[in-house]
Amino acid sequence: MKSLKNNTAKLPRFSKRPAPGALPGTFAISQDAETPTLAVIQYNSEQLVEKTVTDVDSIADYISDDTITWVNVQGVGDASTFLQLSNMFGVHRLAMEDAVNGMQRPKIESYGEKIFIVVRVLSQVAKHLRNDQLSIFLGNNFVLSIQEKPGDHFGSILEQIRESKGCIRKSGSDYLTYALIDAIIDSYFPLVGDFGEEIELVDEQLSSSVRLNYMEKIHDLRGDLMTLRRSIRPLRDALISVKPTNTELFCEETKIYLRDCYDHTNQLVDLLDNYRELCSHLRDYHMSIVSNRMNEVMKVLTITGTIFIPLSFITGLYGMNFDTSLPGNMPLLKLPFGYIMALSIMVGVAGSMLVFIWRKGWFSSG
Amino acid sequence: MKSLKNNTAKLPRFSKRPAPGALPGTFAISQDAETPTLAVIQYNSEQLVEKTVTDVDSIADYISDDTITWVNVQGVGDASTFLQLSNMFGVHRLAMEDAVNGMQRPKIESYGEKIFIVVRVLSQVAKHLRNDQLSIFLGNNFVLSIQEKPGDHFGSILEQIRESKGCIRKSGSDYLTYALIDAIIDSYFPLVGDFGEEIELVDEQLSSSVRLNYMEKIHDLRGDLMTLRRSIRPLRDALISVKPTNTELFCEETKIYLRDCYDHTNQLVDLLDNYRELCSHLRDYHMSIVSNRMNEVMKVLTITGTIFIPLSFITGLYGMNFDTSLPGNMPLLKLPFGYIMALSIMVGVAGSMLVFIWRKGWFSSG
Amino acid sequence: MKSLKNNTAKLPRFSKRPAPGALPGTFAISQDAETPTLAVIQYNSEQLVEKTVTDVDSIADYISDDTITWVNVQGVGDASTFLQLSNMFGVHRLAMEDAVNGMQRPKIESYGEKIFIVVRVLSQVAKHLRNDQLSIFLGNNFVLSIQEKPGDHFGSILEQIRESKGCIRKSGSDYLTYALIDAIIDSYFPLVGDFGEEIELVDEQLSSSVRLNYMEKIHDLRGDLMTLRRSIRPLRDALISVKPTNTELFCEETKIYLRDCYDHTNQLVDLLDNYRELCSHLRDYHMSIVSNRMNEVMKVLTITGTIFIPLSFITGLYGMNFDTSLPGNMPLLKLPFGYIMALSIMVGVAGSMLVFIWRKGWFSSG
Amino acid sequence: MKSLKNNTAKLPRFSKRPAPGALPGTFAISQDAETPTLAVIQYNSEQLVEKTVTDVDSIADYISDDTITWVNVQGVGDASTFLQLSNMFGVHRLAMEDAVNGMQRPKIESYGEKIFIVVRVLSQVAKHLRNDQLSIFLGNNFVLSIQEKPGDHFGSILEQIRESKGCIRKSGSDYLTYALIDAIIDSYFPLVGDFGEEIELVDEQLSSSVRLNYMEKIHDLRGDLMTLRRSIRPLRDALISVKPTNTELFCEETKIYLRDCYDHTNQLVDLLDNYRELCSHLRDYHMSIVSNRMNEVMKVLTITGTIFIPLSFITGLYGMNFDTSLPGNMPLLKLPFGYIMALSIMVGVAGSMLVFIWRKGWFSSG
Amino acid sequence: MKSLKNNTAKLPRFSKRPAPGALPGTFAISQDAETPTLAVIQYNSEQLVEKTVTDVDSIADYISDDTITWVNVQGVGDASTFLQLSNMFGVHRLAMEDAVNGMQRPKIESYGEKIFIVVRVLSQVAKHLRNDQLSIFLGNNFVLSIQEKPGDHFGSILEQIRESKGCIRKSGSDYLTYALIDAIIDSYFPLVGDFGEEIELVDEQLSSSVRLNYMEKIHDLRGDLMTLRRSIRPLRDALISVKPTNTELFCEETKIYLRDCYDHTNQLVDLLDNYRELCSHLRDYHMSIVSNRMNEVMKVLTITGTIFIPLSFITGLYGMNFDTSLPGNMPLLKLPFGYIMALSIMVGVAGSMLVFIWRKGWFSSG
């Protein structure tokens with residue numbers, strides 16, 4: 001999960017923004033964007049048509065008033081495609097610009113009779129966290145979903161449509177939209193779960209071992225957390241705004257399902273907030289462990305120094321070369337057992353130092 | 001209380017969530033979930049029937065318009081049971097999913113004419129804090145309560161019903177719901193009280209002793225606190241939303257009782273917020289004690305070094321082997337009482353060092 | 001003010017709460033609660049009756065529609081008294097439970113045509129801060145005030161009633177309630193003022209002296225502050241909610257007086273918030289002083305070591321016992337004035353070290 | 001600006017508050033309060049009367065329905081004056097109490113048809129910051145301003161009235177009130193500007209020099225900042241509440257001018273918030289500089305010790321007095337050029353230590 | 001970007017404010033303000049007139065009811081110009097004062113039928129960040145934009161008008177206003193992007209290298225961040241207030257475009273908030289790196305000291321000059337291979353010290 005931060009960090013660098021001074025609604029197509037592929041599914045409770053089209057105009061054949069048409073576009077590498085889609089579905093240029101240019105915060109905006117939804121798709125690819133955009137346009141009888149990068153996020157929904165499982169076939173375009181959002185939110189749970197396990201691993205290791213330097217790990221985790229929160233929190237806030245009866249496109253029943261989505265994001269945000277607090281506890285804890293370790297190092301030096309530096313002074317004293325044949329000069333040197341006496345003095349000094357240190361409580365490891 | 005954090009930490013790992021792509025409303029039954037047991041109590045002010053049933057369909061016999069039916073389910077280990085209950089009481093699939101899958105934040109949601117309530121049951125079992133879910137469905141003439149784990153939390157309520165004490169027998173399903181919530185909230189108080197005692201113990205010990213390392217303890221307390229707050233705070237916020245007249249299921253009188261519940265959770269949250277602040281004060285205080293201890297260690301080393309290192313240099317000086325028979329070489333060595341003079345110099349140096357240190361105030365223990 | 005924290009800390013331990021499972025509205029009478037004494041005052045602008053009663057029923061004689069009856073109860077040690085009072089004045093059991101059990105946050109709740117008010121009475125007794133509860137029930141023609149502990153807080157109000165000073169005799173029960181609350185709020189000012197003086201004393205001492213360890217003091221002050229805020233802040237918030245016209249019991253004129261109460265609590269909370277910020281400034285300041293002191297200690301050791309350790313090495317060099325009669329062995333020892341030369345080398349080394357240290361700026365005390 | 005904090009700190013000590021138990025509306029006149037002087041100005045677009053009166057009753061002569069009467073009182077040292085003023089202008093006793101007793105937070109309160117405004121007057125007198133109160137009562141045809149301390153803050157407004165400059169003469173009492181508030185707010189700008197310069201000076205000095213201890217300075221600045229915010233922020237919040245059409249006393253045009261006042265205080269608060277953030281950055285920065293300095297001190301000691309302590313050991317080794325005539329005892333001592341060999345060993349040890357240190361990067365100053 | 005902070009810091013010093021006591025609406029023209037140049041563009045969908053005028057009165061010729069007149073003023077160095085403009089377009093004196101005096105926070109204010117908008121223009125000139133003001137007055141048929149400093153920010157808008165690209169020619173004055181604001185907001189993105197790159201560079205360098213002192217850099221980045229947030233955040237807040245239908249000057253379609261502007265500023269603020277959090281993470285990380293470095297320095301000293309100080313003591317012991325011919329004095333000195341024995345003792349002492357240190361884990365680099 002290390003490079004998660006780096007990957008997503010590229011996002012806010014705005015490399016894909018149209019040049020300042022461009023007309024509003026200009027599409028900024030980056031070099032490495034994939035050519036879009038279009039999958040069209042037309043269904044109601046009785047019929048089902050599934051097609052992969054290359055010509056945008058041919059989509060018009062699959063739109064009718066008593067069916068739901070879901071167009072899923074993967075890749076944003078061709079401006080004209082989106083210009084045509086924009087005209088065909090009557091979608092506002094500014095909204096389509098946001099869908100094509102990517103780098104939007106999660107949001108739910110209403111443009112007259114259409115609703116424009118942006119969701120971030122997080123997926124972990126070889127230790128990297130990819131953070132792509134999914135844009136959804138919801139109209140009365142259509143859903144247009146645009147994935148910034150190709151990726152199979154909606155397999156189970158396709159299956160539900162094909163096999164008439166669940167309510168999608170029986171419900172309107174609003175329920176399909178709910179199903180798409182729900183699928184993305186469901187994919188957040190394992191990611192956040194893995195993150196939680198990593199953070200608890202650090203917590204446990206901090207308590208058990210005293211040797212490693214976890215600060216870099218904690219710093220990285222905090223960065224990842226920021227990315228996760230930036231992707232999920234605004235989605236939750238956007239979902240709150242749908243809860244009341246402010247749009248006619250969502251029927252009462254679907255609103256109950258959206259409330260469930262809100263509830264899930266709320267659970268995730270709650271958890272991420274907890275992780276965030278835990279991270280700052282870990283920082284505090286780590287700092288205190290570092291301080292304690294420093295304390296222990298200093299104590300060893302101080303104990304060594306306090307005992308041996310005075311002793312060395314005494315040995316130095318009796319190593320001085322005063323002429324002992326002269327009076328008053330180092331009488332001890334000339335005594336029998338003077339050496340033993342000197343040693344006794346040293347033992348006394350060392351002993352009183354040890355008592356002093358023991359009283360300070362420095363031999364305990366705290 | 002140490003492993004409290006670990007136990008509850010497993011909760012957000014979402015091991016029990018249905019796989020991504022599952023239909024909304026899918027029950028995720030974990031391996032170790034207990035087989036549900038169902039206790040049915042049908043009562044009004046005049047009559048009382050109490051049964052333990054195994055066949056869900058037989059519950060229908062105990063439901064009538066002029067009685068209250070309370071079904072208490074313990075254990076969530078069988079999907080079909082909850083499917084039947086869901087149909088029998090007309091409960092929304094999404095709500096029943098939340099009840100069976102567990103891991104929900106405390107909340108109060110209205111589904112048409114039913115109200116769905118989630119409360120966390122905290123209980124301390126052998127130094128472990130178990131954090132289970134209690135889900136309550138409230139209808140006009142029934143209360144369906146689902147305990148994630150078997151446990152006797154409602155003994156006193158049963159007694160009140162059996163012995164016609166208090167108002168339960170005389171009141172509607174809303175009052176029974178209040179009584180259930182109130183019983184759970186009452187069980188929080190001793191837990192929070194114990195926590196408060198632990199934190200104050202640390203506070204007192206920090207002030208009195210200087211030897212132990214309390215950081216791990218403080219870190220653990222902060223983790224426990226996070227768990228407690230995560231379980232109680234959302235309940236308080238949910239209870240606020242019931243206070244105004246937004247649901248018809250709660251009558252005026254019961255709302256006064258619910259306000260009392262709110263008041264209790266508010267008291268608990270208030271207290272937990274205080275403990276949280278106290279924890280960060282303890283961290284500050286602990287850090288400063290560690291710093292002071294380090295200071296003291298350094299001062300002892302510095303005092304020893306400052307006095308004896310110069311003295312050792314002087315002894316080294318007179319231990320040099322210059323040929324004293326040559327002119328200019330170490331005249332003191334050849335003087336009578338030179339040793340005494342050297343000692344005097346040393347006493348002078350040590351004395352002035354002591355004065356210097358005394359002036360710095362390093363002999364005081366601050 | 002040291003033990004302030006300990007005293008009030010006992011409050012949230014809930015030792016006085018009814019056992020979990022008790023019926024709502026159960027009174028928990030603690031062992032050491034005083035037997036209640038009841039003082040009854042019946043007044044209007046013309047008449048005044050003052051009695052101390054022992055039989056609760058006899059209070060009924062002092063209640064009439066054209067007078068105000070103020071019953072002041074001191075001590076909560078008898079359940080039956082409060083049961084009788086509850087019935088006589090038509091007070092809700094839950095509210096009376098809160099009044100008797102104590103440990104409530106300050107609040108203003110309306111129960112139909114009665115208003116229930118909780119205020120914390122802070123009083124400093126022999127360096128201890130007592131934190132008792134005052135509960136007030138306000139009805140159309142009565143005020144029932146219940147003091148958790150006996151204490152003379154309302155002497156000036158009695159005087160005003162007896163001597164017909166001020167507006168109490170001319171006004172309704174709402175004005176008397178205001179007067180009681182105002183008396184309690186007025187008693188906060190000297191407490192907060194004393195606290196402010198203590199905190200500023202620490203501030204001044206930190207700046208002037210460098211020797212003492214103020215962290216324990218700061219830690220204690222922060223604890224006291226938490227207690228003060230917990231008692232005053234919720235009262236302010238409760239008083240806001242009375243400001244608009246949400247209750248008919250308070251007339252327009254009294255609301256202006258309550259706004260004045262709100263203003264006073266707001267002033268106190270404002271001040272306590274300032275003290276809180278100041279406390280964390282003091283912590284920062286103290287930490288930096290400790291760091292600086294450590295720095296100074298280390299500098300002294302480093303200066304001593306940097307100068308004398310190299311010198312000691314040189315003396316050690318010339319103290320080696322190489323056979324100087326052999327070629328190449330320690331020629332300096334055999335030179336006349338070799339000692340002087342060695343000393344010169346040492347002076348040179350010490351001098352360059354001093355220059356190095358001086359350039360680092362370590363002799364300045366910063 | 002040092003003693004700013006001390007001066008204003010006296011304010012919240014409530015030395016001037018009436019004794020607890022005093023009747024509401026009691027004036028607390030402190031000993032050192034100046035005797036009030038009263039200046040009366042009666043004007044409309046055509047006429048202008050200016051008088052200094054000593055007898056309060058004579059003010060009545062200068063009040064009429066078609067003129068604006070501005071009474072400016074300097075000093076609050078006489079209770080009877082304010083009692084008379086209170087009666088003459090029909091001002092509420094509680095409001096007049098706030099005006100006379102001082103120590104109020106900035107606020108705008110409406111009392112029926114009068115508006116009561118409190119503003120703090122900050123002025124720097126000989127390095128001291130005086131924090132006095134200005135109270136303004138606004139009625140339909142009068143403005144009563146009460147300065148806690150005499151001081152000429154309204155010179156330019158007098159000039160505008162006398163010379164008929166600007167709109168004051170043509171407008172109502174609300175515009176005059178605006179002019180008074182605006183004059184006070186204008187006087188905040190140089191104070192805040194000076195503060196900003198001081199804080200930026202510290203910022204620059206921290207970056208350039210490494211020797212001084214700025215923590216005391218930063219601590220003082222933070223205290224001053226708290227005082228400034230306490231005086232300005234509530235005023236801004238009060239001015240917001242005037243913006244909507246909640247009072248009839250302010251006409252539409254004057255409200256635009258008050259919005260401008262709000263805008264100015266908003267600018268000031270914004271700036272003070274920035275300074276506050278900058279202060280905590282400075283604290284962080286200072287702490288890190290202190291840590292770095294400590295690091296450097298320790299490195300010098302460690303380098304000295306690491307090189308010379310092993311060398312001293314070697315010299316000590318060859319300074320031992322073993323009898324070299326016995327076999328196996330210190331053979332090097334008896335070799336020609338043994339001294340040179342020993343020196344070579346020392347150079348080798350010192351060299352490898354230097355390489356070790358150089359690799360650690362300790363010679364760089366970071 | 002270093003001096004960014006200094007440049008913008010000059011802004012709040014209020015050097016350009018009118019003197020306290022000045023009439024409201026006074027223009028404060030600073031010495032170094034450029035003489036204003038006026039460009040007039042009159043257009044509708046059919047016609048286009050472009051002129052640079054010197055005489056303000058001649059602008060009147062270019063105003064008509066069925067065209068849009070855009071007057072762009074660069075430089076604010078002449079009071080009379082703005083007085084004339086104020087009268088010509090019926091702009092409120094207070095608003096014009098804000099436009100001329102500069103130093104305003106971004107805001108959108110309505111003055112009757114005109115709207116006054118302030119935006120900060122950030123531009124990086126030779127490593128300096130210039131922070132100038134752009135004031136826009138929007139009327140029914142005119143837009144008056146006033147740049148504090150000359151600068152070509154609207155080239156692309158001019159081009160769109162001249163070449164009839166986009167919607168400007170077809171739309172009203174509200175759309176032109178949107179285009180001006182959008183151009184400024186677009187210019188923030190590269191600035192914020194550069195800032196983001198700088199902050200991530202520090203992040204990467206902190207992780208890879210351990211030698212440099214990044215605190216000054218982090219401190220500077222935090223200062224820059226404060227400036228950016230101060231310029232962008234209030235603009236976002238102002239744009240929210242335009243979203244609802246509170247002004248008639250903005251038509252529905254233009255409000256959708258303004259919502260897009262809001263969305264962009266929201267994205268920027270979101271990003272800046274992230275950077276802010278990242279900065280405090282970097283501070284934590286840096287502090288911990290410094291602590292670790294100190295730990296390592298101390299460990300080297302302690303290891304050296306712990307091993308060699310006891311050894312030096314032993315050498316000192318055998319360097320004492322006791323008379324070995326007397327009994328009991330240093331017997332080892334007189335033994336054959338006594339030297340080897342002494343060396344063995346030393347190796348033993350050093351070895352046990354090494355084991356002690358190795359067990360402490362001090363040889364690992366954490």
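These numbers come from a predicted model, not from an experiment.

Calculation rules
Residues numbered from 1 in each chain as written. Chains lettered and ligands numbered in written order. Predicted model: local features only at pLDDT ≥ 70, side-chain atom pairs only at ≥ 80, totals over all residues. Helix = DSSP H or I, 4+ residues; strand = E, 2+ residues; numbered from the N terminus. Rg over C-alpha atoms; globule rule 2.2 N^0.38 Å. Buried ≥ 20, exposed ≤ 12 C-beta atoms within 10 Å, placed from the backbone. Contact = placed C-beta atoms within 7 Å. Least-squares fit on C-alpha atoms with pLDDT ≥ 70 in both. Nonpolar A, V, L, I, M, F, W, Y, C, P; charged D, E, K, R; others polar. Pairing = 2+ DSSP bridges. Axes fitted to C-alpha atoms, helices over the stretch in contact; angles between N-to-C directions. Parallel < 35°, antiparallel > 145°, perpendicular 65-115°, else oblique. Left-handed = near helix turned anticlockwise from the far one by under 90°. pLDDT = per-residue confidence, 0-100. Domains from an automatic or database assignment.

A. Seen up close, the overall build of chain A. Scanning chain A from N- to C-terminus turns up 8 helices and 7 strands. Here the C-alpha atoms of chain A give a radius of gyration of 35 Å, more than 25% beyond the 21 Å that 2.2 N^0.38 yields for 366 residues. When the backbone C-alpha atoms are referred to their principal axes, chain A occupies close to 125 × 45 × 35 Å. Burial analysis of chain A (366 residues in total) assigns 46% to the buried set. Residue pairs at least 24 apart in sequence account for 71% of intrachain contacts in chain A once pairs closer than 6 positions are excluded.

B. Looking closely at the arrangement of the chains. A gap remains between chain A and chain D, which never touch, and the nearest two C-alpha atoms on either side lie 9 Å apart. Regarding chain C and chain E, which are not in contact, the minimum distance between any of their C-alpha atoms is 9 Å.

C. Quick look at the relation of the copies chain B and chain C. If you rotate chain B by 72° and push it 0.0 Å along the axis, it lands on chain C with an RMSD of 0.1 Å. Taken together, the rotation angle and the small translation identify this as a five-fold axis. Using C-alpha coordinates, one finds that chain B approaches the rotation axis most closely at Gly319 of chain B, a distance of 4.7 Å. The overlap is low: 16% of the interface residues of chain B also sit at the interface in chain C, so different surfaces are used on the two sides.

D. Seen up close, the interface of chain B and chain C. On the side of chain C, 52 residues touch chain B, which itself brings 57 residues to the contact. Put simply, the parts of the chain that give the side of chain B that touches chain C at least two residues each are α4 (155–162), α5 (173–208) and α7 (252–318) of chain B. Of all the elements, α7 of chain B adds the most residues to the side of chain B that touches chain C, at 29 residues. Classifying every residue of the side of chain B that touches chain C gives 18 nonpolar, 28 polar and 11 charged.

E. Spatial organisation of the relation of the copies chain A and chain B. Mapping chain A onto chain B leaves a residual RMSD of 0.1 Å; the transformation is a rotation of 72° accompanied by 0.1 Å of translation along its axis. Here only 16% of the contact residues of chain A are again contact residues in chain B; the copies associate through non-equivalent surfaces.

F. Spotlight on the interface of chain A and chain B. With 58 residues of chain A at the contact, the number on the chain B side is 51 residues. At the level of elements, α4 (155–162), α5 (173–208) and α7 (252–317) of chain A are the ones that each hand at least two residues to the side of chain A that touches chain B. Looking at the side of chain A that touches chain B, its residues break down into 19 nonpolar, 28 polar and 11 charged.

G. Examining the pairing of strand β5 (residues 114–125) of chain D more closely. Residue and element names in this part refer to chain D. Alignment of strand β4 (residues 107–111) against β5, held across 5 bridges, turns out to be antiparallel. In the strand pairing of β5, Ser110 is matched with Ile115. As consecutive antiparallel partners, β4 and β5 are separated by 2 residues, and within that stretch Gly112 has a phi angle of approximately 55°, a positive value.

H. Structural view of the packing of helix α7 (residues 252–317) of chain D against helix α8 (residues 338–360) of chain D. Residue and element names in this part refer to chain D. Running from N to C, α7 and α8 cross one another at 160°; their axes reach a closest spacing of 10 Å. Taken together, the axes of α7 and α8 lie roughly antiparallel to each other. Crossing angle aside, the handedness with which α7 passes α8 is right-handed. Contacts from Ile303, Thr306, Ile307, Pro310, Leu311 and Ile314 in α7 reach Ala342, Ile345, Met346, Val349, Ala350, Met353, Leu354 and Ile357 in α8. When grouped by side-chain class, the residues that make up the contact of α7 with α8 number 13 nonpolar, 1 polar and no charged.

I. Local environment of the pairing of strand β2 (residues 48–53) of chain D. Residues and elements named next belong to chain D. Across 6 bridges, strand β1 (residues 37–43) lies against β2 in antiparallel orientation. When the sheet's bridge partners are listed, Tyr43 is paired in β2 with Leu48. Linking β1 to β2, which pair antiparallel, is a turn of 4 residues.

J. Molecular detail of the environment of Gly155 of chain D. Along the chain, Gly155 of chain D falls in helix α4 (residues 155–162). For Gly155 of chain D and Ala183 of chain D, which are 28 residues apart along the polypeptide, the C-alpha to C-alpha distance reads 9.5 Å.

K. Region of interest: the confidence of the model for chain A. Residues and elements named next belong to chain A. For chain A, mean pLDDT is 86; residues scoring 70 or higher make up 92% of the total. A low-confidence stretch, residues 1–13 stays under pLDDT 50, and its non-local contacts, those more than four residues away or across chains, total 31 contacts. ipTM for the predicted complex: 0.82, alongside a pTM of 0.86.

L. Representation of the domain arrangement of chain A in the model. With domains assigned, chain A is organised as domain 1 (4–287) and domain 2 (318–366). The straight-line distance from the C-alpha centre of domain 1 of chain A to that of domain 2 of chain A is 78 Å.

M. Quick look at unusual backbone geometry. Despite not being glycine, Phe337 of chain B shows a phi value in the positive range, around 55°. Here Phe337 of chain B is to be found in the loop between α7 and α8 (338–360). Residue Ser164 of chain E is not a glycine yet carries a positive backbone phi of 55°. Note that Ser164 of chain E resides in the loop between α4 (155–162) and α5 (173–208). Its 14 C-beta neighbours within 10 Å are what place Ser164 of chain E among the partly exposed residues.

N. The arrangement of the environment of Leu235 of chain A in detail. Structurally, Leu235 of chain A can be placed in helix α6 (residues 215–242). Considering only alpha carbons, one finds Leu235 of chain A and Ser173 of chain A, 62 residues apart in sequence, at a separation of 20 Å.

O. Structural view of the environment of Ile68 of chain D. Residues and elements named next belong to chain D. As for its position among the elements, Ile68 is in strand β3 (residues 68–74). Under the C-beta neighbour-count criterion, Ile68 is labelled buried, with 25 such atoms within 10 Å. For the pair Ile68 and Gly139, spaced 71 residues apart in the sequence, the C-alpha separation amounts to 9.6 Å. Those residues in contact with Ile68, other than ones at most four positions away along the chain, are Tyr43, Asn44, Asn141, Gly172, Ser173 and Leu176.

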